[in-house]
Amino acid sequence: VTIERKKVMWNGWGWTARADHLAAREEIWSWLASEIGMPSLLATPTRPLEELTIAEARLSPSERRSLVAILGADRVRDDAFERASHARGRSYQDLVRLRAGNLGELPDAVLYPRGADEVLEVLAFASEGGIAVVPYGGGTSAVGGVNAHAGGLRAIVSLDLSAMDRVIEIDTMSGVATVEAGLGGASLEKSLAARSLTLGHFPESFEFSTLGGWIAHRGAGQLCNRYGGPQEWLLSAKLATPRGILATEEFPVSATGPHLKDLIIGSEGVFGVITEARLRIRPAPESRAYQGYLFRDFASGMTAIRQAMREDIPAAMLRLSDARETGFYRALDNIGRETSIAQRLADAYLEFRGFDAHAALMIAAFEGTSRSAAAARRGFHAIAGRLGAVSLGNSLGERWLRDRYRGPYVRDSMLDRSLGVDTLETAATWSKLPALYAAVRNTLESSIRQSAPYPAARGIVMCRIGHAYPEGASLLFTYIFPRAFDGEVTQWQSIKKAATEAVIAHGGALSHHHGVGEEHLPWMMTQKSPLGLDVLRAVKRTLDPKAILNPGKLIPPE
Ligand SMILES: Cc1cc2nc3c(=O)[nH]c(=O)nc-3n(C[C@H](O)[C@H](O)[C@H](O)COP(=O)(O)OP(=O)(O)OC[C@H]3O[C@@H](n4cnc5c(N)ncnc54)[C@H](O)[C@@H]3O)c2cc1C
């Protein structure tokens, strides 16, 4: 299999062998405590699996035997580790519950099919027996997308697709790769890189997420300005359903009515199991430049991104942090470390040029042929210059590239020390973004204060633009807060509810790239009309008549 589950944390992020790289920097933790108004941080370790009582699996011995007959004995697993590690995804709420041993419903078995035929057999068996099936890619869902729910059925199986990891064909002449959907991001890019090709989809969860998960939850990679998301690079797919395989159109273009693949992108495992996909692949970039810019404030950085999109400057990424995020990362870098003379001179120069606490950092990425990347860089440099930004050279950009999958590990370091940290993402048109940004930031700050365990406690709320389009952009908020140990999930829910309502009231999308899962489900009716939801329900009834697939996700009950 692509990822050996035992090497990955069952109740946290990432490799078990990975060290906490902030552990030795005590000064950071005391700074964080004072920033959020806590006298000091507490050690809040996780509960070990051995301490937990795991409920009996509900499959009967004969059902288990039937599954073994379909898949083989080593591919039907029901030990405590497998069941607990497939109980939930990796949202903030999931982590808080997993760490406390509050697992909720558990899958009764974890199944590892090796191909579409086995998936079809499992679906037929589960439909017949009234067993819920949760498609599971890398399990990195940030919205409760893989959480085990029986949805009124008798039992639950988690269908772990990591053994479906073959690259079936690479048609270099057409630029099309045909790949099994359980393939992990890193393995996919490695196979493509061996032929100087790339898909270019790099979510922050890249180390652990899979192709099927990227498609099923309609995600976005860090470089999606250049490479697009599944709506651009997915050419066709095969979906195993309880009624058989739904194969979508394979032509590069066809004017034959609505395309069926559009039902698969964002289907979140409720219509079927994506077994195979054909992908638009591109030559690996010949040239790469990742560069830092400092803008006077978030608003002028935002204008630069909008102008670049309007002028068709093909940047691979324009990632702009607001002043709070810029200051936060600067503090993490500098606290407790001696400032070099070069750094002090650079700071003095920036101060002289009028850059103050409002300054906003951008990492801009340019990739492609040497010529196209250089032209994009020149084009953006001119826009940034006109708006009074300064170029900070390549070192910050290169460091960002090296560390770009590190962020999620810091979340665990914070959870180990009594801090909560979550992200919230949305998208809106350019004209709505400034008011949306202010409203969500203010709401997060006030709801954190209201739900805080100490009177003087406050949150750290920061934001960045990660992805941009000609007509608008995404905002991703990160918020750090002191946890209320007498009701951690309730505390998080109250913050999430207030912020989500602010998003919707100000014309933002419920999600830009995390999807719906169970955590965004209560607001789905604000995103689709009643008729729109009926269309989705009709598709669900057609493909999954016994409603066994991923209960409780994406489509609200009637
Ligand atoms: C710290 C962190 C950072 C993240 N960063 C990003 C980011 O930068 N960009 C981004 O887009 N997302 C991001 N995410 C969200 C998450 O990683 C993505 O949703 C990811 O693509 C999910 O892939 P996965 O393979 O882990 O899918 P899972 O988490 O296993 O599943 C996600 C959903 O897809 C369904 N599914 C999975 N595989 C299949 C299949 N083969 N057929 C049918 N349904 C299937 C599941 O049932 C579930 O509903 C992040 C999450 C975390 C926790």
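What this report covers is the structure whose coordinates are included nearby. (Residues numbered from 1 in each chain as written. Predicted model: local features only at pLDDT ≥ 70, side-chain atom pairs only at ≥ 80, totals over all residues. Heavy atoms only, no water.)

This part is about the pairing of strand 8 (residues 234-241). Within strand 8, seven of the eight residues are buried, which leaves the element mostly enclosed by the surrounding structure. Bridge count between strand 8 and strand 10 (residues 273-280): six bridges; the pairing is antiparallel. By the bridge assignment for strand 10, L239 is matched with I274. Sheet topology note: the strand 8/strand 9 (residues 244-247) ladder contains four bridges and is antiparallel. Note that in strand 9 the partner of L239 across the bridge is L246. (Buried < 20%, exposed > 50% of the residue type's maximum accessible area, 1.4 Å probe, protein only. Helix = DSSP H or I, 4+ residues; strand = E, 2+ residues; numbered from the N terminus. Pairing = 2+ DSSP bridges.)

Let us now look at the sheet that holds strand 1 (residues 76-77). In spatial order, the strands read 1-2-4-3; together these four strands make up an open sheet with mixed pairing. At either end of the open sheet lies a strand with only one pairing partner, and these are strand 1 and strand 3 (131-136). Two strands pair when backbone bridges link them, and strand 1 and strand 2 (residues 109-111) are joined in this way by two bridges, in the antiparallel orientation. From the neighbouring strand, R77 faces strand 2, where its bridge partner is V110. Packing against the sheet, helix 5 (residues 116-129) makes contact with strand 2, strand 3 and strand 4 (155-160), and its axis sits at approximately 150° to strand 3. (Contact = heavy atoms within 4.5 Å. Axes fitted to C-alpha atoms, helices over the stretch in contact; angles between N-to-C directions.)

This part covers the pattern of salt bridges. Under the counting rule described, the total for this entry stands at 27 salt bridges. Residue E367 is joined to R288 by a salt bridge in which the shortest nitrogen-to-oxygen separation is 2.9 Å. Note that E367 is positioned in strand 14 (residues 360-368) and R288 in strand 12 (residues 287-295), a separation of 79 residues in sequence. By relative accessible area, which is 45% here, R288 ends up partly exposed. The salt bridge partner of K497 is E501, with a shortest N-O separation of 3.4 Å. With K497 and E501 both in helix 18 (residues 488-505), this residue pair falls four residues apart, about one helical turn. Residue K497 is classed as partly exposed on the basis of its relative accessible area, which comes to 44%. (Salt bridge = Lys/Arg side-chain N within 4 Å of Asp/Glu carboxyl O.)

This next bit is on the site of the ligand. Taken together, the neighbourhood of the ligand is formed by 36 residues, with P135, G137, T140, S205 and T210 sitting nearest. Between a nitrogen atom of the ligand and a main-chain N or O atom of G269, the distance comes to 3.5 Å. Contact between the ligand and N550: an oxygen atom at 3.2 Å from a side-chain N or O atom of the residue. If the ligand stood free it would expose 960 Å²; the protein chains cover 96% of that surface. Sorting the residues of the shell around the ligand by element identifies strand 3, helix 7 (211-216), strand 10 and helix 16 (407-415) as the ones contributing at least two each. Here the residues of the shell around the ligand are counted per class, giving 14 nonpolar, 18 polar and four charged. (Near = heavy atom within 4 Å. Polar contact = N/O pair within 3.5 Å; in protein donor to acceptor, adjacent residues only side chain to side chain. Areas by Shrake-Rupley, 256 points an atom, 1.4 Å probe, with all protein chains shown as cover. Nonpolar A, V, L, I, M, F, W, Y, C, P; charged D, E, K, R; others polar.)

Given two aromatic rings, their pairing is described by the distance between the two centres and the angle made by the two planes. For the structure shown, the criterion picks out 16 aromatic pairs. Here F298 and Y437 contribute two aromatic rings whose centre-to-centre distance is 4.8 Å and whose plane-to-plane angle is 50°, an arrangement assigned as tilted. Here the residue F298 occupies a position in helix 11 (residues 298-310), and Y437 occupies one in helix 17 (residues 433-450), the gap between them amounting to 139 residues. You'll find F298 and Y437 in the same group, each marked buried. Here a set of aromatic residues connected by ring pairs shows up, and it is made of F202, F206, W214, W233 and Y405. Sitting over the ring of Y112, R77 keeps its end group 4.3 Å from the ring centre. (Phe/Tyr/Trp six-rings, centres within 6.5 Å; stacked < 30°, edge-to-face > 60°. Lys NZ or Arg CZ within 6 Å of the ring centre and 35° of its normal.)

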